[in-house]
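Chain residues, written in single-letter form:
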Amino acid sequence: MSQQEILAGLAQIVNEIAGVPVGDITLDKNFVDDLDVDSLSMVEIATAAEDQFGVRIPDEDLKDLKTVGDAVSYIEKAGVAA
Amino acid sequence: MSVVVTGLGATTPLGGDVASTWDGLLAARSGVRRLDEEWAADLPVRIAARVAVEPTEVLDRVEARTLDRSQQFALVAAREAWADAGFAARSAGDAGVDPERLAVVVASGIGGVLTLLAQYDVLRERGARRVSPHTVPMLMPNGPAATVGLALTARAGVHTPVSACASGAEAIALALDLLRAGRAEVVVAGGTEAAIASLPIAGFAAMRALSTREDQPDAASRPYDKARDGFVLGEGAAVLVLETREHAHRRGARIYAELAGAGISADAHHVAAPQPTGAGAARALALAMRDAGLQSSDVVHVNAHATSTPLGDVAEAKALRTALGDAANTIPVTATKSCTGHLLGAAGALEAAVTVLSLHHGVVPPTRNLDDPDDEIGLDVVRFEPRALAPGGAALSNSFGFGGHNVTLAVKAV
């Protein structure tokens, strides 16, 4: 799956859960500081991403996913590994 | 110290706001319907009073998705009450109220049972990692109070009394205490309940507490009628804005009525059955009248708890006769639940709001389905048509709950 496809899928998830407009969800954005996603919603986003992309995001890795780009790269690598 | 009611909000089986609910009560409409959903197919009782307007039609989608249905109801009712009180902005600070002098008391009888049941299904079907991180904030009984406190930025304290079907009235009694004690100048107080689901219905049905009149849903809730056979489960929320008279005057607020007193007692008799003599309820009534400085002759109206159960309605009638003496024979009484069903933890708050409106408008809504009054009741229950009230006077609103909780609120006309 390409980075663009992952970004598009992730943007849909973040929009659904946190109400952030899809167009605002770009690789450079910080989930907390830029998109106002709280810690509970971040867990929801991770779970939904696991279901959609067929990857597993352990808690110790989730805490390092600060930006949308971090998450996209993580899913991209985890997808290849899987 | 005088405490006044300056705002009202509600979402009920009769309407999505106070005005439509009040119109429904004056017209004695029923909010009770058949439950045609698949999950209800095997239940012993398949009637209930759902809210007239789904909260998700009113609330922002993202805001609503992390709120239990009971929290959604509470937020809808609280926002209406807040705006009705004349506050132009949604948060306290922006509306000119010191957030540290604003408290919230929102009760619930059962808490977020719909979330509990739904997430238990998720746990069993998909495993622990798929349980929502919002589960606990959605199912905790103080969740609705927290939701309202966050929405209004209330920082003087956020509270949740839980006393089954007396919870909503107890919330208002606690708000009165907070204001009298000087711990807040404005309190947003009420109750909410969203428990129309298989397990609560099965549980109440197992107690034989529910009406089984499935062939005539709109005739099932019939307080004081000879043919009453139990209550009908309802859902919704009601919220009042209470403030010190001084605070209300300072900001030039419209005053509906004075919350003049409250009386609270406990039966210590049985966990679910009412004391047959109504002694505990009579003490709550007497305490409320004393707290408000009322004589029987001052009481012009009673909004009864009257759930439509065979034992409860009679016990309450006895309590009214004990507390009010001969006046109990002539004071117009109404039973809001005949139209709305029983909103459990929201009922006391809704009925307090209805009592306030009865004094404010000078009219008592009729009791629906009272075709053949039970001889054992012996009260002047308003039926068929609304009854006009002379200006002035005071009214009492009763709420009782499983656990032997008795709460009476006393409201004075202004």
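Residues numbered from 1 in each chain as written. Chains lettered and ligands numbered in written order. Predicted model: local features only at pLDDT ≥ 70, side-chain atom pairs only at ≥ 80, totals over all residues. Heavy atoms only, no water.

Talk me through the sheet that holds strand β7 (residues 236-244) of chain B; I want residue IDs and the actual numbers.
Residues and elements named next belong to chain B. The strand order β5-β4-β6-β7-β1-β8-β15-β14-β9-β10-β12 describes an open sheet built from eleven strands, whose pairing is mixed. Either end of the sheet is taken by a strand with one partner, and the two such strands are β5 (158-159) and β12 (380-381). Pairing analysis gives two bridges linking strand β4 (residues 102-108) to β5, with the strands arranged parallel. Pairing of Val-104 across the sheet is with Val-158, part of β5. Sitting on the sheet, helix α3 (residues 69-84) touches β1 (3-11), β4, β6 (186-193) and β7, and the angle it makes with β1 is about 135 degrees. Where helix α13 (residues 347-361) meets the sheet, it contacts β1, β6, β7, β8 (257-266), β9 (299-303), β14 (394-401) and β15 (405-413), and its direction lies at approximately 170 degrees from that of β14. (Pairing = 2+ DSSP bridges. Helix = DSSP H or I, 4+ residues; strand = E, 2+ residues; numbered from the N terminus. Contact = heavy atoms within 4.5 Å. Axes fitted to C-alpha atoms, helices over the stretch in contact; angles between N-to-C directions.)

Explain the interface of chain A and chain B to me, and be specific about the residues and the numbers.
In this assembly, 14 residues from chain A lie in contact with nine residues from chain B. A combined buried area of about 1000 Å² lies between chain A and chain B, and 40% of that area is made up of carbon and sulfur atoms. The largest share of the area that chain A buries against chain B comes from Glu-16, Leu-40 and Glu-44 of chain A, three residues that together contribute 40% of it. The tally of links between chain A and chain B comes to six salt bridges. (Buried area = accessible area lost by both parts, 1.4 Å probe. Salt bridge = Lys/Arg side-chain N within 4 Å of Asp/Glu carboxyl O.)

An account of the packing of helix α1 (residues 18-26) of chain B against α13 of chain B is requested, with residue identities and associated values reported.
For any two helices packed against each other, the geometry is given by the interaxial angle and the distance between the axes. Residues and elements named next belong to chain B. In the contact formed by α1 and α13, the axes pass within 11 Å of each other and the chain directions differ by 75 degrees. One finds that α1 runs roughly perpendicular with respect to α13. Every residue of α13 that contacts α1 at Val-18, Thr-21, Trp-22 and Leu-25 is listed here: Leu-350, Val-354, Leu-357, Ser-358 and His-361. Taken together, the residues of the contact of α1 with α13 sort by class into six nonpolar, three polar and no charged. (Parallel < 35°, antiparallel > 145°, perpendicular 65-115°, else oblique. Nonpolar A, V, L, I, M, F, W, Y, C, P; charged D, E, K, R; others polar.)

Any details on the state of the cysteines? Residues and values, ideally.
All names here are of chain B. If you walk through the whole model with that rule in mind, you get zero disulfides over all chains. Residue Cys-165 stays outside any disulfide, its sulfur separated by 18 Å from that of Cys-339, the closest cysteine. Look at Cys-165 and you get buried, because its relative accessible area is 7%. (Disulfide = S-S within 2.5 Å. Buried < 20%, exposed > 50% of the residue type's maximum accessible area, 1.4 Å probe, protein only.)

Quick rundown of the domain arrangement of chain B? Include the residues and the values.
Residues and elements named next belong to chain B. On domain assignment, one finds that chain B holds domain 1 (3-250) and domain 2 (262-413). The gap between the C-alpha centroids of domain 1 and domain 2 is 21 Å. On the domain 2 side, the residues contacting the 62 residues of domain 1 number 60 residues. Summed over both partners, the interface of domain 1 with domain 2 comes to about 4700 Å²; 68% of that surface belongs to carbon and sulfur atoms. Across the salt bridge formed by Asp-374 and Arg-228, the nearest N and O atoms sit 2.9 Å from each other. The interface formed by domain 1 and domain 2 contains 24 residue pairs in polar contact (both at pLDDT 80 or more). The biggest single contributor to the side of domain 1 that touches domain 2 is helix α7 (residues 167-180), with eight residues. Broken down by class, the residue content of the side of domain 1 that touches domain 2 amounts to 35 nonpolar, 16 polar and eleven charged. (Domains from an automatic or database assignment. Polar contact = N/O pair within 3.5 Å; in protein donor to acceptor, adjacent residues only side chain to side chain.)

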